[in-house]
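Overview (structure and organization)
As a plain string of letters, each chain reads:
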Amino acid sequence: MLLNARAVAILLAVCIATITTAFLSLTEGVSQMALLVAFMLAFGSSYLLTFITLEFFIFREINRIYEVLNKLREQEYAFTDEGAGPSSNPLKRINQEIYSYASDKQREIEELKRMAAFRREFLADVSHELKTPIFAAQGYIYTLLDGAVKDKTVRTKFLKKAAKSLDGLDLLVQDLLTLSQLEIGQIKMHYVYFDLIRIIRDVCDQVEGKAEKKEIVLRFDANMPEQLWVWADKQRIHQVIMNLISNAIKYSKEESEEPSWVEIKVEEGRHRVKVSVSDNGRGIPQEHLNRIFERFYRVEKSRSKGSGGTGLGLAIVKHILEAHKSRVEVKSVVGEGSTFSFKLKKKKEVAAKPAEKQELIKKDE
Ligand SMILES: Nc1ncnc2c1ncn2[C@@H]1O[C@H](COP(=O)(O)OP(=O)(O)OP(=O)(O)O)[C@@H](O)[C@H]1O
Ligand SMILES: [Mg+2]
């Protein structure tokens, strides 16, 4: 830059020194030597002062602003806000403003890109998941229309299979709806006091058949209390426990020497209750642990497809627990098993006398 700090400082220093010397020369009795010294001193000090002021407070900051603007123009956002605290120099403050504005924008752009990729992926997953049962049902119905309808045994068999595919489709759409409603906060949690142990036992009764078929022992931890009251949405917590126990049954080891089991443990803390569902199933590799709570995420796509999973169960679990200001934790070792756990708020101790308790049971039923 032609007009840099040094050039401006020299120009100003010459002016100041000339004016000072000119004034001094008007005074009588001042020697030529004194005038020269005065000129040199005035020049030197004004040069230094002007140069330092311009270079460190103005030109350096202006150059930095240019650098930032150039980086922004080249869409190179990988710079950080170097300025620590707010500065008294207005130019430095402008620079800091540009830095923080640019990094905010960068974050926004990255978030938008991530969302766009997520939407694309989600759309592809939904269409793929919807296509499978529709395609199957369509196949059976067209085969019937093409003449198979005349054969009574084939007719019933195909209609049953078509109905099963459509049931699967219905389940998938229901899960998707629940998930999207949970995400936009449309589903409000209906908090009630209820006996968690009873819900766990209900779920176990419901899945007992499935467990027996796979020769899996469903058991409770030895210290499981008879009753334990919690403050939560009863239906949704039922859904959470159902999803976790179903997974534990579904992802048991395929061919295992040792007997398979699923254990439910309930631990009572001061304010919260911890529920854990453990299994000695196939386990989840470490690199998948963070992702299994994403929609449609399955560890082994092909294998879990065979067991009918769509990868929505844990996403729903996560959202329900987040709405309860809780979260689901998972520990897993491949080949050894997994433990999923979460906490719920306990019923306050001051609570109801036995008569009132009965009231509550009735109410939440
Ligand atoms: N207890 C478990 N043991 C081993 N793997 C598990 C266990 N629970 C979940 N997983 C893995 O996490 C993935 C995601 O589970 P999630 O419940 O979300 O989906 P899904 O069971 O495949 O389908 P859905 O629950 O919607 O029917 C599963 O596909 C499975 O690979
Ligand atoms: Mg599941």
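Just so it is clear, the structure is predicted and the values come from calculations on it, not from any experiment.

A few points about the pattern of salt bridges
Per the stated rule, a full pass over the model turns up 13 salt bridges. For Lys 346, the salt bridge is made with Glu 268, and the minimal N-O distance between the two is 3.3 Å. Here Lys 346 is found in strand S7 (residues 337-346), whereas its partner Glu 268 is found in strand S4 (residues 260-268), with 78 residues between them in sequence. The exposure class of Glu 268 is partly exposed, given its relative accessible area of 48%. One salt bridge in this structure joins Lys 318 and Glu 322, with 4.0 Å as the shortest N-O distance. Here the residue Lys 318 and the residue Glu 322 both occupy positions in helix H8 (residues 313-323), the gap between them amounting to 4 residues, near one helical turn.

Comments concerning the layout of surface pockets
Counted as a void, the second largest pocket has a volume near 460 Å³. Phe 118, Glu 121, Arg 291, Glu 294 and Arg 295 are the residues nearest the centre of the second largest pocket, which is lined by 21 residues in total. Elements with a contribution of two residues or more to the lining of the second largest pocket: helix H3 (90-145) and H8. Grouping the constituent residues of the lining of the second largest pocket by class yields 7 nonpolar, 3 polar and 11 charged. Per-domain counts for the lining of the second largest pocket show at least three residues from each of domain 2 (119-183) and domain 3 (191-364).

Observations regarding unusual backbone geometry
In this structure, Glu 215 is a non-glycine residue whose phi angle is positive, near 55°. Residue position: Glu 215 is located in the loop between helix H5 (196-213) and strand S2 (216-220). With a phi close to 65°, Phe 296 is a non-glycine residue in the positive phi region. Inspection of the secondary structure assignment puts Phe 296 in the loop between strand S5 (272-279) and helix H7 (301-306).

Quick notes on a negative patch on the surface
Together, Asp 202, Asp 205, Glu 208 and Glu 212 line one region of the surface with negative charge. Within the fold, Asp 202 resides in helix H5.

Comments concerning the side chain of Arg 298
With respect to the helices and strands, Arg 298 occurs in the loop between S5 and H7. A relative accessible area of 8% places Arg 298 in the buried class. There is a polar contact of 3.3 Å between the side chain of Arg 298 and the side chain of Glu 129.

Focus: the site of ligand 1
In the neighbourhood of ligand 1, 20 residues make up the surrounding shell, with Asn 247, Tyr 251, Gly 311, Leu 312 and Leu 314 lying closest. At 3.2 Å, a backbone N or O of Val 299 approaches an oxygen atom of ligand 1. Contact with the protein chains hides 94% of the accessible area of ligand 1, taken as 600 Å² for the molecule alone. Elements with a contribution of two residues or more to the shell around ligand 1: helix H6 (234-250), H8 and S7. Per-element accounting of the shell around ligand 1 gives the leading share, 3 residues, to H6. Residues belonging to the shell around ligand 1 are distributed by class as follows: 9 nonpolar, 8 polar and 3 charged.

About the cut-offs
- Residues numbered from 1 in each chain as written.
- Chains lettered and ligands numbered in written order.
- Predicted model: local features only at pLDDT ≥ 70, side-chain atom pairs only at ≥ 80, totals over all residues.
- Heavy atoms only, no water.
- Salt bridge = Lys/Arg side-chain N within 4 Å of Asp/Glu carboxyl O.
- Helix = DSSP H or I, 4+ residues; strand = E, 2+ residues; numbered from the N terminus.
- Buried < 20%, exposed > 50% of the residue type's maximum accessible area, 1.4 Å probe, protein only.
- 1 Å grid on protein atoms, 1.4 Å probe; cavity = no way out; pocket = protein on both sides within 12 Å on 5 of 7 lines; lining within 4 Å.
- Points joined across faces, edges and corners; volume = space filled by probe spheres on them.
- Nonpolar A, V, L, I, M, F, W, Y, C, P; charged D, E, K, R; others polar.
- Domains from an automatic or database assignment.
- Patch = residues over 30% accessible without salt bridge, like charges linked within 9 Å, V, L, I, M, F, W, Y side chains within 5 Å.
- Areas by Shrake-Rupley, 256 points an atom, 1.4 Å probe, with all protein chains shown as cover.
- Lys, Arg positive; Asp, Glu negative; His and termini not counted.
- Charge placed at Lys NZ, Arg CZ, Asp CG, Glu CD.
- Polar contact = N/O pair within 3.5 Å; in protein donor to acceptor, adjacent residues only side chain to side chain.
- Near = heavy atom within 4 Å.

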